[in-house]
Protein chains: 2
Amino acid sequence: MKLTSKGRYAVMALVDLARFNNINPVSLRDISLRQGISLDYLEQIFSKLRKKEIVQSVRGTQGGYILNRKAKEIKLTNIFDAVDEKVKTVQCKKDSKKGCNGRSTKCLTHNLWDELENHINNFFEEKSLEDLIKDNIERRV
Amino acid sequence: MKLTSKGRYAVMALVDLARFNNINPVSLRDISLRQGISLDYLEQIFSKLRKKEIVQSVRGTQGGYILNRKAKEIKLTNIFDAVDEKVKTVQCKKDSKKGCNGRSTKCLTHNLWDELENHINNFFEEKSLEDLIKDNIERRV
DNA sequence: TAGATACTTGACTATTTTAGTCAGGTTTAT
DNA sequence: ATAAACCTGACTAAAATAGTCAAGTATCTA
Ligand code: FES
Ligand code: FES
């Protein structure tokens with residue numbers, strides 16, 4: 001069970017962005033340098049964040065990205081959803097009544113995997129970008 | 001973030017085994033058939049479970065595996081640990097003070113990833129094999 | 001208006017991980 | 001003796017990951 005870099009980078013980048021968001025758009029180049037993430041990779045990530053309306057882009061010199069909603073209203077769920085970092089505890093389709101490997105019924109432990117998935121998703125639904133920034137400032141004091 | 005088949009199979013197989021555990025050893029062939037898991041793959045998995053003393057093997061005809069501890073004392077943590085299904089939310093070493101990609105400090109969101117890892121591991125530490133079997137019986141009633 | 005900055009898009013690829021398979025053993029009950 | 005079942009190590013196809021690369025377009029500033 002691991003979190004992918006794509007998901008981790010997306011959150012890192014947005015926290016970085018949110019901290020400088022007040023005044024000007026933040027360029028990916030700056031985020032890339034500050035956070036040590038490949039610029040080209042960031043571009044892929046922000047393309048998805050923009051499509052899901054989490055950020056807005058400002059083109060041209062002095063351009064960059066700004067948050068499209070208040071930090072409080074951006075939950076981890078939204079970010080992970082945007083970059084396709086989904087929690088998957090099973091292989092079978094959720095809506096189908098069939099089990100894994102095309103078996104006719106769900107497995108003995110199916111309930112457990114659903115619980116696990118919910119448990120993890122709850123965490124993502126509770127945390128907002130704002131929480132992360134606050135947490136960060138507090139720890140520095 | 002996905003759970004691998006290896007981890008899922010390990011738990012499925014142990015629940016199956018635990019249900020028939022009272023009387024005789026349970027053969028992997030039976031588990032394979034009942035749960036639809038490749039026999040060869042199960043053998044790899046049980047080799048690890050045996051090394052971590054979660055199960056005991058009985059060789060020869062009529063042989064198989066039995067639980068090596070009470071179902072109540074086998075937590076999901078133990079199972080996942082045995083088959084190397086670890087929760088990893090970061091790439092950098094936990095004990096090192098260095099960050100990811102060999103950076104000199106930990107990242108802005110590091111605290112978050114630690115929290116997430118704990119959140120997930122808590123779930124695994126709470127659930128025992130016994131819980132799973134009970135849950136299963138209840139749902140069938 | 002030339003040039004620089006920065007977003008935009010799509011294709012491509014090396015590496016790693018996953019989910020097994022396969023081939024050959026050894027042990028033991030009947 | 002033979003069959004059932006455990007045991008071990010090596011191998012591999014397919015998928016996922018973590019990027020890179022190339023070729024744009026838009027906008028600001030000198
Ligand atoms: S995990 Fe797919 S059937 Fe339960
Ligand atoms: S995740 Fe590695 S430095 Fe924070």
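Residues numbered from 1 in each chain as written. Chains lettered and ligands numbered in written order. Predicted model: local features only at pLDDT ≥ 70, side-chain atom pairs only at ≥ 80, totals over all residues. Heavy atoms only, no water.

Novice: Describe the packing of aromatic side chains, listing the residues and the values that go with them.
Specialist: Here the structure, examined in full by the defined rule, presents 8 aromatic pairs over all chains. Judged by centre distance (6.0 Å) and plane angle (80°), the rings of Phe-123 of chain A and Phe-124 of chain A are edge-to-face. Looking at Phe-124 of chain A, the relative accessible area reads 4%, which means it is buried. With a centroid separation of 4.9 Å and an interplanar angle of 45°, the aromatic rings of Phe-46 of chain B and Tyr-65 of chain B are classed as tilted. Of this pair, Phe-46 of chain B sits in helix 3 (residues 39–51) while Tyr-65 of chain B sits in strand 2 (residues 64–67), and the two are 19 residues apart along the sequence. According to the relative accessible area criterion, Phe-46 of chain B is buried, its value standing at 0%. Three or more aromatic residues joined by ring pairs form one cluster here, namely Phe-80, Phe-123 and Phe-124 of chain A. It is Arg-34 of chain B that lies over the ring of Phe-20 of chain B; its NZ or CZ is 4.1 Å from the centre. (Phe/Tyr/Trp six-rings, centres within 6.5 Å; stacked < 30°, edge-to-face > 60°. Buried < 20%, exposed > 50% of the residue type's maximum accessible area, 1.4 Å probe, protein only. Helix = DSSP H or I, 4+ residues; strand = E, 2+ residues; numbered from the N terminus. Lys NZ or Arg CZ within 6 Å of the ring centre and 35° of its normal.)

Novice: So what's going on with the interface of chain B and chain A? Which residues, and what values?
Specialist: Tallying the contact residues gives 44 residues for chain B and 44 residues for chain A. Of the roughly 3,900 Å² buried between chain B and chain A, counting both surfaces, carbon and sulfur atoms make up 59%. Of all residues in chain B, the largest losses of buried area upon contact with chain A belong to Met-1, Arg-8 and Leu-108 of chain B, amounting jointly to 21% of the total for that side. At the surface where chain B touches chain A, the tally comes to 23 residue pairs in polar contact (both at pLDDT 80 or more). Residue assignment for the side of chain B that touches chain A shows that the elements contributing at least two residues are helix 1 (5–19), helix 2 (28–35), helix 4 (76–82), helix 5 (110–126) and helix 6 (129–140) of chain B. Among the elements that line the side of chain B that touches chain A, the one with the most residues is helix 5 of chain B, at 9 residues. Partitioning the side of chain B that touches chain A into residue classes produces 21 nonpolar, 10 polar and 13 charged. (Contact = heavy atoms within 4.5 Å. Buried area = accessible area lost by both parts, 1.4 Å probe. Polar contact = N/O pair within 3.5 Å; in protein donor to acceptor, adjacent residues only side chain to side chain. Nonpolar A, V, L, I, M, F, W, Y, C, P; charged D, E, K, R; others polar.)

Novice: Tell me about the pairing of strand 1 (residues 55–58) of chain A, and name the residues and values.
Specialist: Residues and elements named next belong to chain A. Bridge count for strand 1 against strand 2 (residues 64–67) is 4 bridges, and the pairing is antiparallel. Opposite Ser-57, over in strand 2, you have Tyr-65 as the bridge partner. Between the end of strand 1 and the start of strand 2, which pair antiparallel, lie 5 residues, with Gly-60 showing a positive phi angle near 85°. (Pairing = 2+ DSSP bridges.)

Novice: Account for the pattern of salt bridges, naming residues and giving values.
Specialist: Per the counting criterion, the structure on display carries 12 salt bridges over all chains. Put simply, Lys-127 of chain A and Glu-115 of chain B hold a salt bridge, and the shortest N to O gap is 2.8 Å. You can see Lys-127 of chain A sitting in the loop between helix 5 (110–126) and helix 6 (129–140) and its partner Glu-115 of chain B sitting in helix 5, one on each of two chains. On the accessibility criterion, Glu-115 of chain B (29% relative accessible area) is partly exposed. In this structure, Asp-84 of chain B and Lys-48 of chain B form a salt bridge, with 3.1 Å as the shortest nitrogen-oxygen distance. Highlighted residues: Asp-84 of chain B in the loop between helix 4 and helix 5 and Lys-48 of chain B in helix 3, separated in sequence by 36 residues. Judged by relative accessible area, which is 27%, Lys-48 of chain B ranks as partly exposed. (Salt bridge = Lys/Arg side-chain N within 4 Å of Asp/Glu carboxyl O.)

Novice: Requested: an account of the side chain of Ser-32 of chain B, with residues and values cited.
Specialist: Inspection of the secondary structure assignment puts Ser-32 of chain B in helix 2. Non-local contacts of Ser-32 of chain B, meaning those with residues more than four positions away in its chain, are made with Ile-37, Ser-38, Leu-39 and Leu-42 of chain B.

Novice: Could you give me a rundown of helix 2 of chain B, with the residues and numbers involved?
Specialist: Note: α-helices contain 3.6 residues per turn, so residues at a spacing of three or four share the same orientation. All names here are of chain B. Among the residues making up helix 2, those that are buried are Leu-28, Ile-31, Ser-32 and Gln-35. For helix 2, the buried positions fall inside an angular range of 100° around the axis, keeping them on one side. Counted as exposed and oriented over 90 degrees from the buried face of helix 2: Arg-29 and Leu-33. Check the buried side of helix 2 and you find it contacts helix 1, helix 3 and strand 2. One or two positions beyond helix 2, positive phi appears at Gly-36, with a value near 70°. (Arc of directions from axis to C-beta.)

Read these as spatial facts, not as claims about activity.
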